[in-house]
Amino acid sequence: MLTTSTNPSQKPSNNQPGTSHNPSVAPSRPSLDGNPQHQHAAPGAGARNMAASTVSFTPRGTALNSSSVAPGSFSSELRSQMTQSRSGSRADLYNLEKLDEGDEDLVEKTLSDLKEKLNRELKIKEGSENLLEALNTKKAKQTKEQRLRVEAELSASNQRIKDLRLKITNAQRMKITPSTPVRSRGDGLVPQSGLRSPHSVSKSVAGSDVDEPAESPTFALAEMLQALEVEGMAPEYYVGRANSVVDLFKRYPTLKYDLVWSIFGDRMQLMLLSGSREVVAAGYRMLRYAISDHGSLKKIRTLNTDYMVVVSLAKDRKADVEREQALKFVRAFLDVKDGVREISRAVVRTIASVAEHAEDRLRPISIETLAEILLRDPALVIASGGLSPISEALAEGTYQSPESLTAAFLYLLNRPQTRKYFRAGYDLEVMFTAFTDVSYVYEGALKQNSKAISSALKTWSGLITLSMFNFRAIKSLISSLVLPNNNIRDTILDLLYSLLRIKPPSWATSYIAGRRLTTYGRVATLNPGTPSQPIKGEMAYEDEGMEQNFVEHYTALLLAILIKSDMMPNLLGVAQHSEDPVLQRKAILLIGESLKLASRILPPSWSSELQLLPELFAAATKFEGESRFNATGIVYQISSVSRTLQRSSASGHATSSLSYSSTTELAGSLEDAHKHGNPVNTDDATFRQLLIDSGVLSSSNPVKWKWDIMLRLIEGPLTNGKRLEEAIKASKFIKSVIAFYRPFKYRFSEVASTRTSQRYVRVGCALMHTLLQTPEGVKYLTDNKLLRQIAECLAQCDPTSGLTAQYPMFSKDRLTDTLCAGYFAMLGVLSSDPKGVHMLERWRIFNMMYHIIDFKQRPDLIKIILTNLDYSLQGHPRVLLSKALTAGTKEIRIHATDVLRKYAISQRITASGQVISDAQWAIQLLVTQLYDPEVEVCATAVKILEKACNSKPLLEYIVKCRPALDHLGEIGAPLLLRFLSTSIGYHYLDGLDYISNEMDDWFLGRNDTYVSLIEASLARSFFEEPDDHANRLSMYEDHVNGDHDSHIPPHFYRELTRTKEGCQLLEDKGHFLEFASTIRDHGMQSDDAEMMTKVKGCLWAVGNVGCMELGAPFLESTDVVERIVEIAESHEVMSLRGTAFFVLGLISRSVHGLEILSEHGWQSNTTFLGKSFGLCIPDDLSKILSCKPWKHEIPVSIPLPRTQTTVHEPANVLVDESDETNKRILQLILVELGDMVLYKKARVELNQLRRQKVPGFRQPAMFRRVLALLESRHYKLTDRRLIIELFDKSILRHIIYGEDGSSDEGENTSSDEQRTERQRSISEPTDLDGTIARPYQSSI
């Protein structure tokens, strides 16, 4: 079984002798990837039988080498060890849980490739749709061929997308399928032990019916370690056995806790001293998997691994496999608690030298390793000179993930204890080098550094640090707009859009490209996906019930900082003087957006002067020069942009709206939208001209029809019964349009589903609605074949109908790829009207829907039905929904619960302003869903009910339903908190004894837990990216949107102070006074992390009480607001300043709180009625952004513990100083290599000394002294390699084994003779692997 040259097709047997290598043939290079290499022995190669030696030296456990090698391991298998299964085997009696990493990684790679291909196809599809939309605006004859090609490409793309999604589904299914065999009935007959090793391969292959009992992993490990003692083998042999040991560690994770380090460490030292790079790499890998705890790290370091790591990392590219495993070995220390305390300064300095080497393949992972060590132990990295490579990577912009490096800096800058290791105004500001250094402009670096700057300015430590020295760093970035470089200007503009969270309007791309602004204000406010649904508006019954938007609050502060840093004059300079018209328009649009944003979120004292644009108007009024014409044009363009932004703000594409300004749309139904949008009464000439212009009467090709004119006709004149009758009888308009929609005409039903083709669905739904408005339309629709054919198509999917079809009209593929799903949107329009419901009942469409939901065979069809039906009327739709809520599968129940969202959280409002409250039936169904056996269904219902509690009448009705939430635990807690908002809910919960228990729970611990919850929620809100596909239409969803759970978690004390009873209870308990006392006594502490968390919890409690008008009097009774202002302006911990800033925003929402803050110089924007938005900022920004420069800790003054040094006391390393050569060597390394003038000469002289083979290069003490110099001083990687390669290879063996050694060459020889034959065979390979080890014989 030890042969490495057997053909995979050959079947090994027990009595087959092993075949050894031919000594005259150099062994091949072992495989370095995860797959075994199948190699054959050369024909005619001489071989000698080593069966006896194989049996004596190779134990049975060596056959346990796994056939599948994990990625990153080093496979030495030269043949496949696939063993064939035998009939009658009882291997399933043993539960062998083996993780096949190779298969898992293959599945992961396949999934990644498929997803990448899917994204590519989605982009192709989107581009085809855009091109098709552009072609539709041109004449049909001129673009016929091009349109056909685009449609063919779009169809092919849809098919590829379908295939890729199917493959992804299958791959995900394979991923979650367990690799462990299913337990059979006989499994319980044999007792199972906790740890078992694999069965004997030899007996299994021989075909015996009964396997031997499984061996213990400890015994298997002992056999494998004994196999590593075999001498004179090729590197493949040792690599293979090392992989077997690693595989054993993976299968039995507890095995590494029972290692005998005296034996295991000896084997590892032998492997690390090998002349083969692959063997050394395998040794590092074994050590990495043997790490268990901090104690194991100490034992590993007693093996003198620090010296080996320093030597390995300093090698050249040919040893990359060894260097990579050495670096992974060091990184494994970071996975152990306090493992960084066992990483020596010598190792970190070597990693830093690798990170400085620009052309090194391991540079990125070295930089990442330094950043991770910096987070855990900044003193070690600073003392080792590791900060410089990280700063260089940030400044160059070549590192692919600059945000991770920036995050490490920002984390350490937050607290004064770790801030001292950085230089104020330098280390973090290197990110701006790419923008300010004109001599070095690299577009990739600009993009990378803009990401890092954006992430830094979205954190408190980054914002405050970059605002030091009078906003020097931010001003340098803004002033770079004046540089005549379009790449820099464009990147900065994109960065400003991102920082201010400005979402460009839908017409921004066309405007920037140069099109006029006159037509972009006509934005349809009707959702194209659901014309059948009434437009509903969410009622905001009381402003104080809405959530505080902390992201908007932070954006207000950031906008004020940018304005203070002269953003507006520099943007005007780009708009006036840039030669690129695209940049001009981009800057003008940003000016318009910034002015609009400032007027909305900044106090009047900030925004009033900004709106005047004094620099621009001053330039426009200078009549003596030509520049005034340019300035006047800019004024006109800014005015046009502002007007267009105001007109298009209702479309939902403007900047992010504040959560407290819930927009109430006054169009109660499609009927109202039609009346407001299109005139109903038109004269005969206009009506006939519209019919002619629509193209329906002159052509039967729907592509040539003018669908926008058709929509105007249907929503306007045809709602008049007289005009409709004329269109039915006097012309063929209605007949042609209805015929287009009939399923078995295969016209509408065959159109591919694209963004452009959705207009056909919109017109069809509008036509259904129009026909229902008049008796003539109802009669025509009743007699037409359209509904009958739709019913027949639906019957094809009804298992009880008896109708079948080879290709059903409503099959899953057709619903996805074509517009067949649009028929259900039309049915939804019919279900919103009693006359339409009667038609559906006539053709038994509801009966078929009942059957489809009952049989649960088509979940995709059930989702479409539930999504598109209208439930505003009592009748069959609600019964169908109730059936799906209770009797459907888990997936259907969750979807049906989500359908109730728009009916539970919204109120319909008529044009007269009357509120139509019909959400009670939805609330009842949601309360029923709270008792669903699946937790996911209950959680969905809780989130919807929690949202509905924003409406006070609905909240009272939910309380009347008396839902029981005890069985839901933490899931139902937010809903119970919302019950406290009303007196009814308060008394209901008080009767359950909920309030007193919850209040004590919050006071004693939950208040501190809330800190981590809200900080995590804020982090998600600050760094979440907008959805790239937000404008895409979904087959299953229109208004049914998932709750992204991005809202701020509710606070108990805020809900408590909404009622007078709650305020009285809070006063009786005295909790608020305790919070204020904690803030007063411990608010300025910065060294106790636990106390700072408690202070943060008290701050949030005070803020949530103070934001309520009923809770504001608590603020006046104490001086807590003054203390919070002091924390926000002068606390040493920057994140605590941010918490105080947000709390002040909460306090400013109440009238009393805003008055108190105005006395301290803080202002907030308000409504016309004086209601504060809660976005307060100080009049003087330097108050909150001031940070005194700190004293920098220089590396020389940083003490390190003994465990983080390799040569503990360099002065005690005795070197024969009487030898002038030794003195010269030390002088060259210590002095002249660091002198730029003598550098080249020193390298030449060291190489000459190396060729002379001076005795000092064979002295261990000399090597230790030199290593102490490498540990304490900075050297480039090439210099480290030169210095280490000066010494003889035998020196490293003396160092590893802790031998004193001597300068006498004879003593070295005698000590070499005392070595065992086994040590020599591995550390100095024989001729078997001489071709690999030869370059390393003379030096390290």
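Keep in mind that this is a model prediction, so the values were computed, not measured. (Residues numbered from 1 in each chain as written. Predicted model: local features only at pLDDT ≥ 70, side-chain atom pairs only at ≥ 80, totals over all residues. Heavy atoms only, no water.)

Chemist: Help me understand the overall build of the protein chain, please; the structure alone is not making it clear to me.
Modeler: Along the backbone of the protein chain there are 68 helices and four strands. Across the 1340 residues of the protein chain, 53% fall into the buried class. In the protein chain, of all internal contacts separated by at least 6 residues, the share reaching a separation of at least 24 is 75%. Of the roughly 59,600 Å² that the protein chain leaves accessible, carbon and sulfur atoms contribute 52%. (Helix = DSSP H or I, 4+ residues; strand = E, 2+ residues; numbered from the N terminus. Buried < 20%, exposed > 50% of the residue type's maximum accessible area, 1.4 Å probe, protein only. Contact = heavy atoms within 4.5 Å. Areas by Shrake-Rupley, 256 points an atom, 1.4 Å probe, with all protein chains shown as cover.)

Chemist: Please explain the pattern of salt bridges as it appears in this structure.
Modeler: Pairs can form between side chains of opposite charge once their charged atoms are near each other. Summed over the entire model, instances satisfying the criterion amount to 50 salt bridges. Notably, a salt bridge pairs Lys-162 with Asp-813, separated by 2.7 Å at the nearest N-O pair. Note that Lys-162 is positioned in helix 3 (residues 144-176) and Asp-813 in helix 38 (residues 812-817), a separation of 651 residues in sequence. Since its relative accessible area comes to 28%, Lys-162 is described here as partly exposed. (Salt bridge = Lys/Arg side-chain N within 4 Å of Asp/Glu carboxyl O.)

Chemist: Could you clarify how one ought to interpret the confidence of the model for the protein chain in this entry?
Modeler: A low pLDDT means the predicted coordinates there should not be read in detail. Considering every residue of the protein chain, the mean pLDDT works out to 79; 77% of them sit at 70 or more. Taking the mean pLDDT of every element in the protein chain, the minimum, 35, falls on helix 1 (residues 51-57) and the maximum, 96, on helix 11 (residues 320-333). Confidence drops under pLDDT 50 across residues 1026-1046; counting only partners more than four residues distant or on other chains, this segment forms 35 contacts. Per-residue pLDDT stays below 50 along residues 1301-1339; that stretch engages in 73 contacts with residues further than four places along the chain or on separate chains. (pLDDT = per-residue confidence, 0-100.)

Chemist: Teacher, can you tell me more about the side chain of Thr-1059 here?
Modeler: Take Thr-1059: it is sitting in the loop between helix 52 (1052-1056) and helix 53 (1060-1069). Here Gly-1062 takes part through its backbone nitrogen, which lies 3.2 Å from a polar atom of the side chain of Thr-1059. When residues no more than four places from it in sequence are discounted, the contact partners of Thr-1059 are Leu-980, Ser-981, Thr-982, Ser-983, Tyr-986 and Leu-1110. (Polar contact = N/O pair within 3.5 Å; in protein donor to acceptor, adjacent residues only side chain to side chain.)

Chemist: Is there a simple way to think about the packing of helix 51 (residues 994-1023) against helix 55 (residues 1089-1106) in this case?
Modeler: Packed helices, taken two at a time, are described by their axes: the angle between them and the distance between them. Taken N-terminus to C-terminus, the directions of helix 51 and helix 55 make an angle of 80 degrees; their axes are 8 Å apart at the nearest point. As judged from the angle between their axes, helix 51 and helix 55 are roughly perpendicular. Contacts between helix 51 and helix 55 involve Asn-1007, Asp-1008, Tyr-1010, Val-1011, Ile-1014, Glu-1015 and Leu-1018 on the former and, on the latter, Thr-1093, Lys-1094, Lys-1096, Gly-1097, Cys-1098, Trp-1100, Ala-1101 and Asn-1104. Here the residues of the contact of helix 51 with helix 55 are counted per class, giving seven nonpolar, four polar and four charged. (Axes fitted to C-alpha atoms, helices over the stretch in contact; angles between N-to-C directions. Parallel < 35°, antiparallel > 145°, perpendicular 65-115°, else oblique. Nonpolar A, V, L, I, M, F, W, Y, C, P; charged D, E, K, R; others polar.)

Chemist: Looking at this structure, I do not really get a positive patch on the surface. What am I missing?
Modeler: On the surface, Lys-732, Lys-735, Lys-745, Lys-785 and Arg-788 cluster together to form a positively charged patch. Judged by relative accessible area, which is 55%, Lys-735 ranks as exposed. (Patch = residues over 30% accessible without salt bridge, like charges linked within 9 Å, V, L, I, M, F, W, Y side chains within 5 Å. Lys, Arg positive; Asp, Glu negative; His and termini not counted. Charge placed at Lys NZ, Arg CZ, Asp CG, Glu CD.)

Chemist: In this structure, what is going on with the environment of Leu-713? I would like to understand it.
Modeler: Considering the arrangement of structural elements, one finds Leu-713 in helix 32 (residues 707-715). Taking the relative accessible area as the measure of exposure, Leu-713 reaches 0% and is therefore buried. Linking Leu-713 and Arg-723, residues 10 residues apart in sequence, is a C-alpha distance of 9.9 Å.

Chemist: Whenever I open this one, helix 6 (residues 235-251) confuses me. Can you help?
Modeler: Residues three or four positions apart in an α-helix share a direction because the helix packs 3.6 residues into each turn. With 17 residues, helix 6 should cover 24 Å at 1.5 Å per step; its first-to-last C-alpha distance of 25 Å lies within 8% of that length. Within helix 6, 16 of the 17 residues are buried, which leaves the element mostly enclosed by the surrounding structure. (Expected span 1.5 Å × (residues − 1).)

Chemist: What is the right way to read helix 64 (residues 1277-1285) from this model?
Modeler: Among the nine residues in helix 64, seven count as buried, and that is most of the element. Within helix 64, burial applies to Leu-1277, Asp-1279, Arg-1280, Arg-1281, Leu-1282, Ile-1283 and Ile-1284. Buried residues in helix 64 make contact with helix 10 (305-313), helix 11, helix 12 (345-356), helix 61 (1220-1230), helix 62 (1239-1252) and helix 63 (1260-1272).

Chemist: Explanation requested: the environment of Val-1120 in the structure shown.
Modeler: By the element assignment, Val-1120 lies in helix 57 (residues 1120-1130). Assessed through its relative accessible area of 1%, Val-1120 is described here as buried. The spatial distance from the C-alpha of Val-1120 to the C-alpha of Ser-1077 is 8.3 Å, given a sequence separation of 43 residues. Ignoring any residue separated from it by four or fewer positions in sequence, one finds Val-1120 in contact with Phe-1072, Ala-1076, Ile-1079, Val-1102 and Leu-1115.

Chemist: Help me understand the packing of helix 54 (residues 1071-1082) against helix 55, please; the structure alone is not making it clear to me.
Modeler: The interhelical angle for the contact between helix 54 and helix 55, taken along N-to-C directions, is 135 degrees, at an axis separation of 9 Å. Judged by the inter-axis angle, helix 54 sits oblique to helix 55. Read as a crossing pair, helix 54 and helix 55 show a hand that is left-handed. Contacts between helix 54 and helix 55 involve Phe-1072, Phe-1075, Thr-1078, Ile-1079 and His-1082 from the first element and Met-1091, Lys-1094, Val-1095, Cys-1098, Leu-1099, Ala-1101, Val-1102 and Val-1105 from the second. Considered class by class, the residues forming the contact of helix 54 with helix 55 number 10 nonpolar, two polar and one charged. (Left-handed = near helix turned anticlockwise from the far one by under 90°.)

Chemist: Whenever I open this one, the environment of Ser-1021 confuses me. Can you help?
Modeler: Tracing the chain through its elements places Ser-1021 in helix 51. Given a relative accessible area of 9%, Ser-1021 falls into the buried group. In this structure the C-alpha to C-alpha distance between Ser-1021 and Ile-1048, which are 27 residues apart in sequence, comes to 9.4 Å. Engagement of the side chain of Ser-1021 in a polar contact is seen with the backbone oxygen of Ser-1017, the distance being 3.0 Å.

Chemist: Honestly, unusual backbone geometry in this entry has me stumped. Any pointers?
Modeler: Negative phi values dominate among residues other than glycine, just as trans dominates among peptide bonds. Unlike most non-glycine residues, Arg-962 shows phi in positive territory, near 50 degrees. One can find Arg-962 in the loop between helix 48 (952-960) and helix 49 (973-979). What makes Arg-962 exposed here is its relative accessible area of 55%. Even without being glycine, Lys-1253 reaches a positive phi, approximately 55 degrees.

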